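Descriptive structure summary
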Amino acid sequence: MLRRAIELIRVVVISPEMAIVMIGVAVRTFFPLWLDIIGNKLLTNEKLWEYVPLIPSGVLAFVVYLSFQMHAPVEETNRELYDWKLFWTLKNRILVSLTWALAAAVAGVVTMVFSSDLQVTTLGQLLITALLVSITVAATDIMAFFILKEIMTK
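Described in the following lines is the structure provided in the data block. In this text the structure is predicted, and so the values were computed from the model without any measurement.

Turning our attention to the pattern of salt bridges. Pairing is possible between side chains that carry opposite charge, provided their charged atoms lie close to one another. Tallied over the full model, the rule gives three salt bridges. Measuring nitrogen to oxygen at the nearest pair gives 2.9 Å for the salt bridge that ties Arg10 to Glu7. Of this pair, Arg10 and Glu7 both sit in helix H1 (residues 2-13), three residues apart, roughly one helical turn. On the basis of relative accessible area, Arg10 is assigned to the partly exposed category, the value being 40%. Under the relative-accessibility criterion, Glu7 is labelled buried at 14%. Among the ionic pairs, Glu7 bridges to Arg93, the shortest N-O distance being 2.9 Å. Residue Glu7 is located in helix H1, and its partner Arg93 is located in helix H7 (residues 87-113); the two are separated by 86 residues in the primary sequence.

The rules we used
Residues numbered from 1 in each chain as written. Predicted model: local features only at pLDDT ≥ 70, side-chain atom pairs only at ≥ 80, totals over all residues. Heavy atoms only, no water. Salt bridge = Lys/Arg side-chain N within 4 Å of Asp/Glu carboxyl O. Helix = DSSP H or I, 4+ residues; strand = E, 2+ residues; numbered from the N terminus. Buried < 20%, exposed > 50% of the residue type's maximum accessible area, 1.4 Å probe, protein only.

So this is what it looks like as structure tokens:
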């Protein structure tokens, strides 16, 4: 049980998504003007506001689909995958990617709903971070699926 908890913490902390979140915090700390510019641009452009905050939600739907595909990549050999002694690590990674994608989607919706209540810097940071995290989750899941499919069809 402890081994699984340590592995889960490692997968969350040592991830490209966490790096993006940390870079977002660093940019807010050292270069808040960049985020002000992005936040102001978002608030003044109605067309951006209609679609951009919902991109992470669309990516979430794709990640959910991809997660089901990763859990059962090749019908003929799925039993082999399920019997693998480290299958739990794959399941952990799938759950972590779903959690990151959900967090990004929530951040996108928060920027949309609370845009008038948030500081311009916070608005820019939340939206840019949500977009980058959701795209990163999708990209890493796609790469993982390709590798898993390749291994399972050999």
